[in-house]
Amino acid sequence: MRKILVVGAGQAGLQIALGLQSQGYEVTLMSNRTADEVRSGRVMSTQCMFHTALQHERDIQANFWESQAPKIEGLGVSVAGPDSSRVIDWVGKLDGYAQSVDQRVKMAGWMETFAQRGGQLVIHGAAVSDLDYFSRTYDLVLVSAGKGELVSMFERDASRSPYDAPQRALAVAYVHGVGPRPEHPEFDAVRCNLVPGVGELFVMPTLTTSGRADILFWEGVPGGPLDVFQGVKDPSEHLALTLELLEKFTPWEYARATKVELTDAGGTLAGRYAPTVRKPIGRLPGGGLVLGVADVVVANDPITGQGSNSASKCAASYLASIIENGEKEFDEAWMQSTFDRYWETAQHVTKWTNAMLSPPPEHVLNLIGAAGQLQPAADRFANGFNDPADFENFFYEPEKTGAYLASLTGE
């Protein structure tokens, strides 16, 4: 059977490894940490996975936490006015529910499952020199470790990467004790709070190592009032800063967060990175080729909540391409076409995410405002998080936005 090496045990790497394993491939997975180290470590991300991405997990029978994780049925948008009042507020209903599972829970569980099912799990931080050796012993090497030395093998695609610096400073806190939303407390929703010129606050229900929790996630414009987390090492200081900023900029969210506490000492995270699309094929010193996966080749800012969704969609797309290739060689042409197939969906995520990082033009403000009166517009916007390709039809061009809103109002 074909021998495949997957380097990196995140959402995409593990999903591909489990999927290939279920199809009878001989899979080796390299991780720089054990499952226990992942589970007891620091949070790695925010994640809210929408219907399509969750379905890809169901397809490989890896949806182990579906019955435990909160079912997120809505996505709400609020906009803060200059005086920190809430000038826009609405909730769109999702056609299929979304869920968030702390990656410490999921990745640790998936690693253990992979090993239990007979997969070869190697705990080793891979360097380029390791891959040079392995590329000669495996039919295909996939690189899904999105940070560090390995990423430098993949050349930045300037034509698809408009930004060369981080566009947001990111700060995450996993907490217990967030109160219910006063509006629609009967179902769970992700809250997207837009503070013009300052940044964004996302609040999302999740399942973590200690049960149900919420993620408080600030995205701050660099150099602005939210860009204050660099150098903060103490988790309680990180939480205090998070809450101070909630009180100042989104008092309606602060009102239900006055009694929160961190889920655990590893429940905070801060950082920043430049959104980047890279060329998908890495060339090794010995002449071998490796294929980049998910964040390695398409890393978007998390402002649109697409990271884990994109990783899941990339894994499903690559899995299909690998299986369809049968016994043929995984050559350079196959690698490029495999990435191009994924890019057909990924390009919509990149376009939308990069648009959301800029101050919204007037027609987008009109759309967000109108969704407060027009429930179909709110619902459509919310479901765009599951299928960002739909934004082409009503979001980017003033004419299309106008025509869409007119179709709803009959004007």
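Now for a quick tour of the structure.

Rules of the game
- Numbering of residues starts from 1 in every chain and runs along the sequence as written.
- The model is predicted, so local features are restricted to residues of pLDDT at least 70 and side-chain atom pairs to those at 80 or more, both for listing and for counting; the totals for chains, interfaces and linings are taken over all residues.
- The side-chain numbers reported here are obtained from all heavy atoms of the structure, hydrogens and water having been left aside.
- Only rings of Phe, Tyr and Trp enter the pairing, Trp through its six-membered ring, and a pair is recorded when the two centres are within 6.5 Å. The plane angle decides the type: under 30 degrees is stacked, over 60 is edge-to-face, the rest tilted.
- Note on classification: 1.4 Å probe, protein chains only; a residue is buried when its accessible area is under 20% of the maximum for its type, exposed when over 50%, partly exposed between these limits.
- A run of H or I in DSSP becomes a helix once it reaches four residues, and a run of E becomes a strand once it reaches two; helices and strands are each numbered from the N terminus.
- Strands are treated as partners if at least two bridges between them are detected by DSSP.
- Salt bridge, as used here, is a side-chain nitrogen of Lys or Arg placed within 4 Å of a carboxyl oxygen of Asp or Glu.
- A pocket, in this scheme, is an open set of points on a 1 Å grid over the protein atoms alone with protein on both sides within 12 Å along at least 5 of 7 lines, while a cavity is a set where a 1.4 Å probe fits but cannot get out; residues line either one if an atom lies within 4 Å of a point.
- Grid points are joined across faces, edges and corners, and a volume is the space filled by probe spheres set on the points.
- For every element, the axis is a line fit to its C-alpha atoms; helices are fit only across the contacting stretch, and the angle between N-to-C directions ranges from 0 to 180 degrees.
- Helix crossings fall into two classes, left-handed where the near helix is turned counterclockwise from the far one by less than a right angle and right-handed where it is turned clockwise.
- Contact definition: two residues touch when any of their heavy atoms are within 4.5 Å.
- Remark: nonpolar core denotes a set of buried residues (Ala, Val, Leu, Ile, Met, Phe, Trp, Tyr, Cys) joined through side-chain atoms within 4.5 Å.
- Here the arc refers to the directions that run from the helix axis out to each C-beta atom.
- A helix is expected to span 1.5 Å multiplied by its residue count minus one.
- For the purposes of these results, a polar contact is taken to be a pair of N or O atoms within 3.5 Å, where, inside protein, one atom must be able to donate a hydrogen and its partner to accept one; residues adjacent in sequence count only when each atom of the pair is a side-chain atom.

## Concerning the packing of aromatic side chains
Point 1. Here the structure, examined in full by the defined rule, presents 19 aromatic pairs.
Point 2. With a centroid separation of 6.0 Å and 70 degrees between ring planes, the pair formed by Phe134 and Tyr138 is classed as edge-to-face. Grouping residues by exposure puts Phe134 and Tyr138 together as buried.
Point 3. Taken together, a centroid distance of 4.8 Å and an interplanar angle of 65 degrees make the contact between Phe330 and Trp334 edge-to-face. The burial state of Phe330 is the same as that of Trp334; both residues are buried.

## Some points on unusual backbone geometry
Point 1. Phi is positive for Gln61, close to 55 degrees, though the residue is something other than glycine.
Point 2. Inspection of the secondary structure puts Gln61 in the loop between α3 (51-59) and β3 (72-80).
Point 3. The backbone of Ser84 sits at a positive phi, close to 65 degrees, despite the residue not being glycine.
Point 4. Mapped onto the elements, Ser84 comes out in the loop between β3 and β4 (86-98).

## Remarks on the pairing of strand β10 (residues 211-220)
Point 1. With 8 of 10 residues buried, β10 lies mostly within the body of the structure.
Point 2. Of the pairings in the sheet, the one linking strand β7 (residues 169-176) to β10 comprises 7 bridges and is antiparallel in character. Across the sheet, residue Leu170 finds its bridge partner in β10, namely Glu219.
Point 3. As judged from the 10 bridges shared by strand β9 (residues 199-208) and β10, these two strands associate in the antiparallel manner. Bridge pairing in β10 places Val203 opposite Leu216.
Point 4. From the end of β9 to the start of β10, which pair antiparallel, there are 2 residues.

## Here's the deal with the pattern of salt bridges
Oppositely charged side chains can pair when the atoms bearing their charge come close.
Point 1. Counted by the stated rule, this structure contains 21 salt bridges.
Point 2. Taking the shortest distance from any N to any O, the salt bridge between Arg341 and Glu324 comes out at 3.0 Å. Remark: Glu324 occurs in helix α8 (residues 307-325) and Arg341 occurs in helix α9 (residues 332-356); sequence separation between them is 17 residues.
Point 3. Given the relative accessible area of 55%, Glu324 is considered exposed.
Point 4. Note that Lys351 and Glu392 form a salt bridge whose closest N and O atoms lie 2.9 Å from each other. On the criterion of sequence distance, the pair formed by Lys351 in helix α9 and Glu392 in the loop between α11 (375-383) and α12 (398-409) is long-range, its members being 41 residues apart.
Point 5. Classification of Lys351 by relative accessible area gives partly exposed; the value is 38%.
Point 6. Judged by relative accessible area, which is 24%, Glu392 ranks as partly exposed.
Point 7. Residues participating in the shared-partner salt-bridge network are Arg86, Asp89, Arg191, Glu253 and Arg256.

## Digging into the layout of surface pockets
Point 1. What the second largest pocket holds in volume is close to 420 Å³.
Point 2. As for the second largest pocket, its lining consists of 24 residues, and the residues nearest its centre are Glu200, Met356, Ser358, Pro359 and Pro360.
Point 3. For the lining of the second largest pocket, the secondary structure elements donating two or more residues are β8 (188-195), β9, α9 and α10 (362-370).
Point 4. Residue contributions to the lining of the second largest pocket peak at 4 residues, all from α10.

## As for the packing of helix α1 (residues 11-22) against α8
Point 1. Closest axis-to-axis distance for the α1/α8 pair is 8 Å, and the angle between their directions is 30 degrees. Along this stretch, α1 crosses α8, giving a crossing that reads as right-handed. Contacts between α1 and α8 involve Gln11, Ala12, Gln15, Ile16, Gly19 and Leu20 from the former and Ser308, Ala311, Ser312, Ala315, Ala316, Tyr318, Leu319 and Ile322 from the latter.

## Regarding the nonpolar core
Point 1. Counting residues in each nonpolar core, the largest one holds 64 residues, and the members touching the most others are Leu131, Leu142, Met153, Tyr318 and Ile322.
Point 2. Among residues more than four places away in sequence, those in contact with Tyr318 are Ile16, Leu142, Leu291, Gly292, Val293, Val297, Thr338, Phe339 and Tyr342.
Point 3. Among the nonpolar cores identified, the runner-up in size contains 42 residues, and Val77, Ala370, Phe385 and Tyr404 belong to it.

## Looking at α10
Note that an α-helix has 3.6 residues per turn; residues three or four places apart therefore point the same way.
Point 1. Buried residues of α10: His363, Val364, Leu367, Ile368 and Ala370, and no others. Along the axis of α10, the buried positions cluster into a sector of 165 degrees, meaning they face one direction only.
Point 2. Looking at the buried positions of α10, the neighbouring elements they touch are β3, β4, β8, α11 and α12.

## Quick notes on helix α4 (residues 103-116)
Point 1. Between its first and last C-alpha atoms α4 spans 19 Å; for 14 residues at 1.5 Å apiece the expected length is 20 Å, and the two agree.
Point 2. When you tally the buried positions in α4, you get 11 out of 14 residues, the bulk of the element.
Point 3. Those residues of α4 that fall on the buried side of the exposure criterion are Gln103, Arg104, Val105, Lys106, Met107, Ala108, Gly109, Trp110, Met111, Thr113 and Phe114.

## Remarks on the environment of Val221
Point 1. Along the polypeptide, Val221 turns up in the loop between β10 and α6 (235-249).
Point 2. Given the relative accessible area of 26%, Val221 is considered partly exposed.
Point 3. The sequence separation of Val221 and Glu149 amounts to 72 residues, and the corresponding C-alpha distance is 28 Å.

## Here we look at the side chain of Thr263
Point 1. Topologically, Thr263 is positioned in the loop between β11 (261-262) and β12 (268-271).
Point 2. A polar contact of 2.8 Å, which involves the side chain of Thr263, links it to the side chain of Asp264.
Point 3. Apart from the residues within four sequence positions on either side, Thr263 is in contact with Arg104, Tyr174, Val175, His176, Thr208, Ser210 and Ala213.

## A word on the sheet that holds strand β2 (residues 26-31)
Each strand in a sheet pairs with another by means of backbone hydrogen bonds, the pair being arranged parallel or else antiparallel.
Point 1. Strand order across the open sheet formed by 6 strands is β5-β2-β1-β6-β15-β14, with mixed pairing between neighbours. Sheet topology places β5 (120-123) and β14 (281-283) at the edges, where each strand pairs with a single neighbour. Put simply, the sheet's adjacent strands are angled 25 degrees from each other on average, direction ignored.
Point 2. For β2 and β5, the ladder comprises 4 bridges, and the chain directions are parallel. What sits directly across from Thr28, in β5, is Gln120.
Point 3. Here α4 sits on the sheet and contacts β2 and β5; the angle it forms with β5, its principal contact strand, is near 130 degrees.

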